[in-house]
2 protein chains.
Amino acid sequence: MSGEDAPAQQQNAVDQKQETKPAEEPKNEPAKTESPPAAATAEAAATPAATTEKVPEEETFTYRALVLTGYGGYDKVKLQVKKGKPALKAGEVLVRVKACGLNFADLMARQGLYDRLPSPPVTPGMECAGVVEAVGEEVTDRKVGDKVMVLNRFGLWQEVAAVPASHTFLIPEGMSFEEAAALPVNYITAYMMLFDFGNLRPNQSVLIHAAAGGVGIAATQLCKTVKDVTVFGTASASKHETISEGGVTHPIDYRTKDYVEEVRKISPKGLDVILDPLGGSDTHKAYNLLKPMGKLITYGAANMLAGQKKNLLAVAKNWYHQFSIHTLSLIQGNKSVCGFHLGYLDGEMELITQAMNTIMDLYKEGKIKPRIDSTWHLEQVGDAMRKMQERNNIGKVVLTTEPMPEEEKKEEPKKEDKKDDKKKDDKKKDDKKKDDGKKEEKKDDKKKEEPKKEEKKEEEKKEEVKKEEK
Amino acid sequence: MSGEDAPAQQQNAVDQKQETKPAEEPKNEPAKTESPPAAATAEAAATPAATTEKVPEEETFTYRALVLTGYGGYDKVKLQVKKGKPALKAGEVLVRVKACGLNFADLMARQGLYDRLPSPPVTPGMECAGVVEAVGEEVTDRKVGDKVMVLNRFGLWQEVAAVPASHTFLIPEGMSFEEAAALPVNYITAYMMLFDFGNLRPNQSVLIHAAAGGVGIAATQLCKTVKDVTVFGTASASKHETISEGGVTHPIDYRTKDYVEEVRKISPKGLDVILDPLGGSDTHKAYNLLKPMGKLITYGAANMLAGQKKNLLAVAKNWYHQFSIHTLSLIQGNKSVCGFHLGYLDGEMELITQAMNTIMDLYKEGKIKPRIDSTWHLEQVGDAMRKMQERNNIGKVVLTTEPMPEEEKKEEPKKEDKKDDKKKDDKKKDDKKKDDGKKEEKKDDKKKEEPKKEEKKEEEKKEEVKKEEK
């Protein structure tokens, strides 16, 4: 196994020698990230590490981690095996990760467009769900065995993660790890935008772009918790049935229609709240669509993402069209423009915890429920990212840390070289899979909703190989 | 009496011949605004018009009105006598005005800096209080004799005003006409800024500039209706005691201290809500003082007002420094920038009425109470404006339509020619008058809190001369 000979007791990233410069604040980068070819790494990962028995656990401890090795296309995120158990600082817990959420910021980060992710090599991932495996000093409100969801600036796309206990939230009864991994970023984002900045009240109207995306679905569900809110949602036509069922009052196909016109037809005076993940010229449109006392909340620049690598033209265009507003215009229009990004809010755990508590209450009351689009193995992260970036998802794209069955793995290494022709395959799959209505049970070994292309559901019951844990 | 021979039956502004072009949407500009010298007009106004008895009321009906005759200094607002009873359209009521509120927008308007006031000649005035004297067709919820406060785009600084019934609000039991005239603009502005855009919640912190001004005092009182809100308020030192008593937790003398530093000393992370009436570079400072999830609500450009006439340098400076914000900065800061101005919200009477209902409830519960700085006769409007513009007021500056006692009137005409040396006099008066703590009774004949300079309170009990009404 690669890197097996490295000294590894109680190491963590800051005091490790690495081939590349250490990333800023990595919580648990391991000793010697040697970046073996992805195929070899994936092999290694599947090999149970529990064969050597007399070596102290800290040295033999290995875990798989996704690592962004440089900015660029989907193939820049590689699966590696890390060695050495992450040391816990006071206030931290070690989480055995079961599932991770993908977010738009991860896609931006891969292209070098998200400054909250340290420079590569670094493990991305802002949210995950798992089980507390160890607790550090001064941790009083978490114990070994607690099922938790985690919110962190980065570093959660791996099998174990050391994180501040204050960044964890207990998973309520009945919520699967996938749901739990799908929840924090999307629901906190939607909640704070709608109810803190947006101050959403009964009888108001909301425009939700990408209404079939993770934030879009969360926002729609949250809108429905307020009496008589009208939801306008943009999505391609094939997704309209699903988002209508989810609560969108007026679905709009942005590919064939001018959404501004469509909104004006129904709501001539404009809208009370607009959530804008697009940026660029769409922010201008949104601003003009606001009613007096309306709130525009911009939370991304999805328009900047064109293709899998950084597209300078798209970036420049987005910058050129970037919305800039004078106060006099705001005053004369009685309008509000807000910016939100959870990734820049990591110092505000108190605010976030407040929001999370309310969200958990809503979950327990059955008023919200994360919708999983698809679940992918760590080895499939490229495909998972592609699905999201090409907007073929309805709901959340989730990674599972469960090992990939041998047969599925064989074609894996080549996948990363495939180019855009894969797109069509993804789309076909989309139409086949709409299995989200079914409640996912907590059985982790039953979740491959989206297995690799050619190989169909075989070997699904293979048990997760657990590394030795304390 | 000037203009007495003009035909005046059932006229209103739109079908009158005027010497100057008709103003946009004037509700009740009278026939023939002949602009006699102010002194003559004031004389005329005091003469009871009820001497000719057989002429129809519509022709003999006269009333005094303040008219902005052109952009410029305090002397541009002149008292004139209008003739002809304003005709009521469906949905309108005729209000016999008892008291009017002064607002910063009126000062801006006089200098030509407020585009919601039609071109001169025009009667300014966005709020007043009085008694319903007639109701038009289709008015079901107001009757003759109702005491109301009125909110309108302009045209309320006169003895009678025809306004949409939907722009009137019943005055609650126990509220004086002065209080009622002081309430609408300041409290609706403060309420909507704090609770709609600001979404103020317990334990938050607020910065209120000009905390001794009309909006400042209203905002302070409204902040105190929320649990554990910390209020930072700027005002000159002489006003600190008063604003502290009113609820400002940390008064800051902006003339001698850097308010940004003062706030940071107490609240290093910044503030949750900032109300900014200043504009220019102060908006930048406010933005930087916001906490994550903080809201900056800008509602004016007081910095533009320097001197009694339009100061091109001040205007240019304000424009040059005008705050302009990119969405990327908002996103990375998780901040909100809002603009508010009630004058641009006149199409939204439903929103305004909702706010007003809550404000009335708070008044009845004793949680808010307008603070009157001083009350002035219509003849004294120049001094009233000056007091406000020079920031010598604590609370609201109010006009009363009660006729001015003869003795006080003698020196009136000359007053308008006086220049800035009057400033000192005003200041001296300030120190003498802090009579607002006393509850004002509803007796309209007892209100001259701020009589003209040299003449002290004499002839105060003179009864208001009522024109013949129906």
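The text that follows walks through the structure, step by step, so that each part is easy to find. Values in this document were obtained by computation on a predicted structure and should not be read as measured data. (Residues numbered from 1 in each chain as written. Chains lettered and ligands numbered in written order. Predicted model: local features only at pLDDT ≥ 70, side-chain atom pairs only at ≥ 80, totals over all residues. Heavy atoms only, no water.)

### Things to note about the packing of helix H8 (residues 259-266) of chain B against helix H9 (residues 281-289) of chain B
All names here are of chain B. Our working rule: Geometry is summarised by axes, namely lines fitted to C-alpha atoms with helices restricted to the contacting stretch, and by angles between N-to-C directions that run from 0 to 180 degrees. Starting at the N terminus, helices and strands are each numbered in turn, a helix being any DSSP run of H or I of at least four residues and a strand any DSSP run of E of at least two. For classification, angles of less than 35 degrees are called roughly parallel, those exceeding 145 degrees roughly antiparallel, those between 65 and 115 degrees roughly perpendicular, and all remaining angles oblique. Should the near helix be turned counterclockwise from the far one by less than a right angle, the crossing is left-handed, whereas a clockwise turn marks it as right-handed. In this analysis, two residues are considered to be in contact whenever any of their non-hydrogen atoms come within 4.5 Å of each other. By the convention adopted, Pro, Cys, Tyr, Trp, Phe, Met, Ile, Leu, Val and Ala count as nonpolar, Lys, Arg, Asp and Glu as charged, and the other residues, Gly among them, as polar.
Look at H8 against H9: their axes get within 11 Å of each other, and the N-to-C directions meet at 10 degrees. One way to sum up the angle between H8 and H9 is to call them roughly parallel. You can see that H8 and H9 cross each other, and the crossing is right-handed. Taken together, the residues of H9 that come into contact with H8 (itself represented by Tyr259, Val260, Val263 and Arg264) are Asp282, Lys285, Asn288 and Leu289. Of the residues that constitute the contact of H8 with H9, the class distribution is 4 nonpolar, 1 polar and 3 charged.

### With respect to the interface of chain A and chain B
Quite often, the size of an interface is put as the accessible area lost when its parts meet. For clarity, the cut-off: Put simply, buried area is the surface a 1.4 Å probe can reach on two separate parts but cannot reach once they are joined, added for both. Basic side-chain nitrogens of Lys or Arg form a salt bridge, by our definition, when they fall within 4 Å of a carboxyl oxygen of Asp or Glu. Any two strands are treated as partners once DSSP identifies two or more bridges connecting them.
The interface is formed by 39 residues belonging to chain A together with 39 residues belonging to chain B. Overall, the association of chain A and chain B removes approximately 3,500 Å² of surface from exposure, summing both partners, and the carbon and sulfur fraction of that is 55%. By the criterion of area lost to chain B, the three top residues of chain A are Met293, Thr327 and Ile331 of chain A, representing 18% of everything that side buries. Run the count over chain A and chain B and you get 6 salt bridges. Among the elements of the structure, helix H5 (184-197), strand E12 (290-298), strand E13 (324-326), helix H11 (327-333) and strand E14 (336-339) of chain A are those that each provide at least two residues to the side of chain A that touches chain B. A class-by-class count of the residues in the side of chain A that touches chain B yields 18 nonpolar, 14 polar and 7 charged. Sheet topology places E14 of chain A next to strand E14 (residues 336-339) of chain B; 3 bridges connect them, and they run antiparallel. In the sheet register, cysteine 338 of chain A faces E14 of chain B, and the bridge partner there is serine 336 of chain B.

### Some remarks on the environment of alanine 105 of chain A
Residues and elements named next belong to chain A. Checked against the element boundaries, alanine 105 lands in helix H3 (residues 104-110). Residues alanine 105 and arginine 116 lie 11 residues apart in sequence; the distance between their C-alpha atoms is 9.1 Å. In contact with alanine 105, other than residues within four places in its own chain, are Tyr114, Met126 and His341.

### A word on helix H9 (residues 281-289) of chain A
Our working definition: The rule is simple: take the accessible area with a 1.4 Å probe, protein chains only, and divide by the maximum for that residue type; under 20% is buried, over 50% is exposed, in between is partly exposed. Each C-beta atom gives one direction from the helix axis, and the arc is the one those directions make.
When H9 of chain A is considered as a whole, its buried residues turn out to be Asp282, Thr283, Ala286, Tyr287 and Leu289 of chain A. Here the buried residues of H9 of chain A occupy an arc of 165 degrees about the axis, which is enough to place them on one side.

### A word on the relation of the copies chain A and chain B
How we decide: Only residues with pLDDT of at least 70 in both copies contribute their C-alpha atoms to the least-squares superposition of the copies.
Turning chain A through 180 degrees and shifting it by 0.0 Å along the axis lays it on chain B, with an RMSD of 0.0 Å. Put plainly, the chains are arranged around a two-fold axis. Here 100% of the contact residues of chain A are again contact residues in chain B; the copies associate through an equivalent surface.

### Looking at the pattern of salt bridges
Two side chains with opposite charge may pair up if their charged atoms get near one another. Residues and elements named next belong to chain A. Counted by the stated rule, this structure contains 32 salt bridges over all chains. Between glutamate 365 and lysine 367 there is a salt bridge whose closest N-O contact spans 3.2 Å. Connected through salt bridges with shared partners, the residues Arg64, Glu159 and Glu379 form a single ionic network.

### A closer look at the packing of H5 of chain A against helix H6 (residues 214-223) of chain A
All names here are of chain A. Relative to each other, H5 and H6 sit at 50 degrees, their axes nearing to 8 Å. Considered as vectors, H5 and H6 are oriented oblique to each other. In the packing of H5 onto H6, the handedness of the crossing is right-handed. Along the contact surface, H5 presents Asn186, Tyr187, Thr189, Ala190, Tyr191, Met193, Leu194 and Phe195, while H6 presents Gly214, Val215, Ala218, Ala219, Gln221, Leu222 and Cys223. Tallied by class, the residues present in the contact of H5 with H6 amount to 11 nonpolar, 4 polar and no charged.

### Quick word on the nonpolar core
Generally speaking, soluble globular proteins have nonpolar side chains that are buried together. Formally: Grouping buried Ala, Val, Leu, Ile, Met, Phe, Trp, Tyr and Cys residues that are joined through side-chain atoms within 4.5 Å yields what is termed a nonpolar core. The split into domains, and so the bounds of each, comes from an automatic or database assignment of domains.
Counting 101 residues, the largest nonpolar core has Met149, Met192, Leu194, Leu200, Leu275, Phe340 and Leu399 of chain A as its most contacted members. No other element matches H5 of chain A, which puts 10 residues into this core. Each of domain 1 (62-182) and domain 2 (184-369) of chain A accounts for three or more of the residues forming this core. Aside from chain neighbours lying at most four places away, what touches leucine 200 of chain A is Leu194, Phe195, Val206, Cys223, Val226, Val229 and Val273 of chain A. By size, the runner-up hydrophobic cluster in this structure holds 100 residues, among which are Met108, Ala182, Ala235 and Ile394 of chain B.

Geometric descriptors of this kind do not, in isolation, establish any biological role.
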